[in-house]
Amino acid sequence: MFQQYFEVKRAHPDALLFYRMGDFYELFFEDAVAAARALDITLTQRGQHQGDPIPMCGVPHHSSEGYLARLIRQGFRVAVCEQTEDPAEAKKRGGKAVVRREVIRVVTPGTLTEDTLLDARRPNYLAALAEAGGSFGLAWVDLSTGDFQTQPVDPRGLEAALARLAPSELILSEKLYGDPALEAGLAEVRAISHPMPGARFDSENGRRRLETAYGVTALDAFGAFSRPELAAAGAIVDYLDLTQKGKRPRLAAIRRWSPGGVMEIDAATRRNLELTRTLSGERRGSLLATIDRTLTGAGARLLVARLSAPLTDPGEIDARLDGVSFFLEAERARQDLRAILSRIPDIDRALSRLALDRGGPRDLAAIRDALAETGPIRAAIARAPLSTPPAAIARDLDDLGEHSGLVDLLGRALAAELPLLARDGGLVAPGYAPELDRLRGLRDESRRMIAALQAKYARETGVAALKVKHNNVLGYFIEVSANNGDKVMGRDGFIHRQTMANAVRFTTVELGELEKELSSAADKALAVELEVFADLIGKVLEVADTIAIAAAALARLDVSAALADLAAARDWCRPVVDDGLGFEVTAGRHPVVEASLPDGPGAFVANGCTLVPEDRVWLVTGPNMAGKSTFLRQNALIAVLAQIGSFVPATSCRIGVVDRLFSRVGAADDLARGRSTFMVEMVETAAILNQAGERALVILDEIGRGTATFDGLSIAWATVEHLHESNRCRALFATHYHELTVLADRLSALTCHTMAVKEWKDDIVFLHEVVAGAADRSYGIHVAKLAGLPAAVIGRAEEVLDRLEKGEQGKAATTLIDDLPLFSMLAKPKASSAEASGPSPVDEALKGLNPDEMTPREALDALYALKAKAGSS
Ligand code: ADP
């Protein structure tokens, strides 16, 4: 047996091998050790290999999906090796013959199709990266929809493209995996990358594989693809063959993704704006969670896809907005549609399981039930007061198609209660297959006759409590209690089978005959059912493309109606997106923060923002906690929402298309990637200054915070100048360096804004209101006081600040402007700050120590105390 095991394992060295033995999948050697640890199950031993015991663990076959899910989530791949012949067949070859086994599938994160292994509300992409002739190409596929796309990509844009897709698995050649030039681009996806031999990424082979997969002699009809794109897409087809063991999933026509068509948002910006996940990785609290009112899995997945790739074409954006407007006005139609959508099953995934021969009867029912609703949906929308829906909705209705034939067929064929697996039987409705009805009749008749035998035998033997029973070992048998055993034993026709402590069991020739009839009728019935099942799947797959089109239309309708529902509930407005360069938002709100605050007093304070070519950079100052970050992010989120074709939290909004969005927060922690926070901040700032063009929207929050004051101020200063002079993009720049506000005098398109605060009895109150002008001070000490720093520390800080500020007098920042580079002259106050603060607490404490009089223990305590003081000063 182990010889077979080693052979299979050799072909799948990088996957855990689930080796089927009876009712269990067993794992051996290192696989067993790894799986036992990952699943927290017992590690046992079986036999010996080269003198050492062989580690082993196993999971029951019937509950293996849960274990699989846990392994996949932890980054493992699993090769499922099944018995592919009946053990009885193997026995015929000799007592020691091993049952034939084959890997029927390699389960990897990017190729999942099971509902239990997938998040119903997120797309699941398998991506491939390839190189040919010095250029790069990406391809990706979502097995649940068959959506298959490619794009050319350069190393600088790689990170953003991968962040947009958020694939759950990336395949690439070993060479690219180790290529230093791609280090940054691949940093975020290392954990989900699967390096493979370079030969699998050959562009000519890729072209051939695609041609075979689509059954065409040339790919021209699908559009033009570059060599690296062909290599990547071909590698995906090859990988699907490899992991699905020859079973081809349904692939939609491959198409090239148009890079100019969407707003580019790099990984750091996505994280920072918490578009689909919060900084801590959760869905709750993200923009997605706040706006998602979709009712179907496919709708939810489409919303994620849209949020990941906002559009840049005003026409396309407007078409989506028309759909939302339509459902906003047609409230009744929206409610009716949503009531229907809430009971529609996930047909994309059902279809992909059926195509991969992994589907069950309930997948057919899902397709029947969803398609049956297309008529009612059309009727609900036709009742809307507007006589003609907008073009986008009309197209969706068209795409829903006409499926009454298939719905009717499935309606007649499928039983009311469906088993999970076809092989459990009972999936075909009575009246659909005459042969099946006949066999079922026979089966039922035999059952009835067996039941009738019980009455007959009870009468004949005079044992009223005689029963005919069934179990898996004996089949049907006659049972009487132990004290009645003698009445039956030795009776003509009764054959003794078993004596138990309190019962005796018999059979008869008659019962045996009936049982045979029964089981042969049942076997035949199951065979007919399986034939019907295969036939139904065939009929569904024949029209898989039109079903997929209908499913996509359902998802779009779901998203349009969900966004309308959101706009109605939250009182959002329809944005105007045009080709201009403006960004004008009246009374904008932060969608997530607003949702977390109460209505009425304490509610969110709305703020406008107007960036136009003559005034395109806003410098926002104000104390910590005043609402700067919230204001900055809300504008970025409004741009994203507008360009995915959603209404926005504002009373009016006009946006000139944003082609790239950047959002950065100074000194964000990035411990996971092991870079110093300041380094990260600078790498990210560099990316913006190098890439942002005039259509970009840049949000910079407290840049320069991660280093010493004067370094930070200098960097922030030069960054603002560069954004204004070179990038010439729209930008919001929040800073606590109020020294920067003097730049407004020199940079014509920059204006200063500040968060209004009210000083009240020595305290400050944040009004969360953005007003023109500059903060005259940073109120840091006030905030420190609010945070509960000890009164002594606050008092001392006020004293130091006072002295520092006096030290700077006469060096008003205005003088800086005419004298760049700027900050050498500010170095002095820095030196004086040490003087101003006097001897340090450590100095003071040292003075009080007399080492000659201390015990070693006291000396050690004193050393600890000093260290604590040094740490806190
Ligand atoms: P800053 O960036 O200035 O330190 P934040 O933007 O982090 O301040 O805001 C601090 C807190 O103030 C937020 O958590 C939020 O609860 C509240 N806040 C911010 N903006 C508003 C607003 N416009 N209306 C009401 N509350 C706000």
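Residues numbered from 1 in each chain as written. Predicted model: local features only at pLDDT ≥ 70, side-chain atom pairs only at ≥ 80, totals over all residues. Heavy atoms only, no water.

Asks: Would you mind going over the packing of aromatic side chains with me for this structure?
Replies: Note on aromatic pairs: each is described by the distance of the centres and the angle between the planes. Enumeration according to the criterion identifies 17 aromatic pairs in this entry. With 5.9 Å between their ring centres and 75 degrees between their planes, Phe2 and Phe29 make a pair best called edge-to-face. With Phe2 in helix 1 (residues 2-11) and Phe29 in helix 2 (residues 29-39), this residue pair connects regions lying 27 residues apart in the sequence. Summarising the burial analysis for this pair, Phe2 and Phe29 share the class buried. Between Tyr5 and Phe28 the ring centres are 5.2 Å apart and the planes differ by 85 degrees, which places this aromatic pair in the edge-to-face class. Taken as a pair, Tyr5 in helix 1 and Phe28 in strand 2 (residues 24-28) lie far apart in primary sequence, 23 residues in all. Of the two residues, Tyr5 and Phe28, neither departs from the other in class, the shared state being buried. Taken together, the aromatic side chains of Phe2, Tyr5, Phe6, Tyr19, Phe28 and Phe29 make up a single cluster linked through ring pairs. Between the NZ or CZ atom of Arg190 and the centre of the ring of Tyr177, over which it lies, the distance is 4.8 Å. (Phe/Tyr/Trp six-rings, centres within 6.5 Å; stacked < 30°, edge-to-face > 60°. Helix = DSSP H or I, 4+ residues; strand = E, 2+ residues; numbered from the N terminus. Buried < 20%, exposed > 50% of the residue type's maximum accessible area, 1.4 Å probe, protein only. Lys NZ or Arg CZ within 6 Å of the ring centre and 35° of its normal.)

Asks: What should I look at first to understand a nonpolar patch on the surface in this one?
Replies: A cluster of nonpolar residues, Trp760, Val765 and Leu767, forms a patch on the protein surface that exposes about 260 Å² of accessible area. Tracing the chain through its elements places Val765 in strand 27 (residues 763-772). With relative accessibility at 34%, the residue Val765 sits in the partly exposed group. (Patch = residues over 30% accessible without salt bridge, like charges linked within 9 Å, V, L, I, M, F, W, Y side chains within 5 Å. Areas by Shrake-Rupley, 256 points an atom, 1.4 Å probe, with all protein chains shown as cover. Salt bridge = Lys/Arg side-chain N within 4 Å of Asp/Glu carboxyl O.)

Asks: Hey, could you run me through unusual backbone geometry in this one?
Replies: The phi torsion of most residues other than glycine is negative, and most of the peptide bonds are trans. Of note, Asp40 is a non-glycine position whose phi angle comes to about 55 degrees, a positive value. With respect to the element layout, Asp40 can be found in the loop between helix 2 and strand 3 (44-49). With a phi angle near 60 degrees, Glu702 is a residue other than glycine that sits in the positive phi range. Assignment of secondary structure puts Glu702 in the loop between strand 24 (697-701) and helix 27 (709-727). Glu702 gets classed as buried once you look at its relative accessible area, which sits at 4%.

Asks: Could you clarify how one ought to interpret the side chain of Asp147 in this entry?
Replies: Relative to the assigned elements, Asp147 resides in strand 9 (residues 147-153). On the basis of relative accessible area, Asp147 is assigned to the buried category, the value being 17%. Among all residues touching Asp147, those that are not within four sequence positions of it are Trp140, Val141, Asp142, Ala252 and Arg255. (Contact = heavy atoms within 4.5 Å.)

Asks: Which parts of the structure should I look at to understand the pairing of strand 7 (residues 125-132)?
Replies: Regular strands place their side chains on alternate faces of the sheet. Burial of strand 7 is extensive: seven of the eight residues sit out of reach of the surface. Taking the residues that link successive antiparallel strands as the turn, the strand 7-strand 8 (residues 135-142) hairpin has two residues, and the phi of Gly133 there is positive, at about 55 degrees. (Pairing = 2+ DSSP bridges.)

Asks: What am I meant to see in the environment of Asp558 here?
Replies: Summarising the element assignment, Asp558 is placed in helix 23 (residues 544-570). Once residues lying within four places of it in the same chain are set aside, the contact partners of Asp558 are Thr294, Leu295, Thr296, Gly299 and Leu341.

Asks: Sorry if this is basic, but what is going on with the site of the ligand here?
Replies: The environment of the ligand is made up of 13 residues, and the closest members are Val605, Met625, Lys628, Ser629 and Thr630. Thr630 is positioned with one of its side-chain polar atoms (N or O) 2.5 Å from an oxygen atom of the ligand. Within the side chain of His768, an N or O atom sits 3.5 Å from a nitrogen atom of the ligand. Contact with the protein chains removes 77% of the 560 Å² of surface that the ligand exposes when unbound. For the shell around the ligand, the element with the most residues is helix 25 (residues 628-644), which contributes three residues. (Near = heavy atom within 4 Å. Polar contact = N/O pair within 3.5 Å; in protein donor to acceptor, adjacent residues only side chain to side chain.)

Asks: Please clarify how the pattern of salt bridges should be interpreted in this entry.
Replies: Should the charged atoms of two oppositely charged side chains come close, the side chains can pair. Under the criterion given, the structure shown has 54 salt bridges. Close ionic contact of Asp545 with Arg250 constitutes a salt bridge, the shortest N to O distance being 3.2 Å. With Asp545 in helix 23 and Arg250 in the loop between helix 9 (227-244) and strand 12 (255-256), this residue pair connects regions lying 295 residues apart in the sequence. Between Asp565 and Arg293 there is a salt bridge, with its nearest N and O atoms 3.3 Å apart. With Asp565 in helix 23 and Arg293 in the loop between helix 11 (287-291) and helix 12 (297-308), this pair connects stretches of sequence that are 272 residues apart. Accessibility expressed as a relative area gives 17% for Asp565, which makes it buried. Each of Arg293, Arg334, Arg338 and Asp565 takes part in a single network of salt bridges with overlapping partners.

Asks: Would you take a moment to explain empty space enclosed by the protein for this structure?
Replies: The gaps left among the atoms become clear once a water-sized probe is rolled over them. Applying the stated criterion across every chain yields a total of one cavity of 30 Å³ or more. For the largest cavity, the calculated volume is near 70 Å³. Considering the residues around the largest cavity, the lining is formed by Thr296, Gly297, Ala298, Ile344, Pro345, Asp346, Ile347, Asp348, Ala551, Leu554 and Ala555. Of all the elements in the fold, those that place two or more residues in the lining of the largest cavity are helix 12, helix 15 (347-355) and helix 23. In terms of residues, the lining of the largest cavity owes the most to one element, helix 23, which gives three residues. Its residues placed into classes, the lining of the largest cavity shows seven nonpolar, two polar and two charged. (1 Å grid on protein atoms, 1.4 Å probe; cavity = no way out; pocket = protein on both sides within 12 Å on 5 of 7 lines; lining within 4 Å. Points joined across faces, edges and corners; volume = space filled by probe spheres on them. Nonpolar A, V, L, I, M, F, W, Y, C, P; charged D, E, K, R; others polar.)

Asks: What is the right way to read the environment of Ile347 from this model?
Replies: Following the sequence through the fold, Ile347 ends up in helix 15. Residues Ile347 and Ser144, spaced 203 residues apart in sequence, show a C-alpha to C-alpha distance of 9.1 Å. Once you skip the residues sitting within four places of it in the chain, Ile347 turns out to touch Ala366, Ile367, Ala370, Ile547, Ala551 and Leu554.

Asks: What should I look at first to understand the confidence of the model for the protein chain in this one?
Replies: Close reading of the predicted structure is inappropriate where its pLDDT is low. Per-residue pLDDT for the protein chain averages 88, and the proportion of residues at 70 or more is 94%. Below pLDDT 50 for its whole length, residues 668-672 participates in five contacts with residues either more than four positions away or in separate chains. A low-confidence stretch, residues 809-836 stays under pLDDT 50, and its non-local contacts, those more than four residues away or across chains, total 27 contacts. (pLDDT = per-residue confidence, 0-100.)

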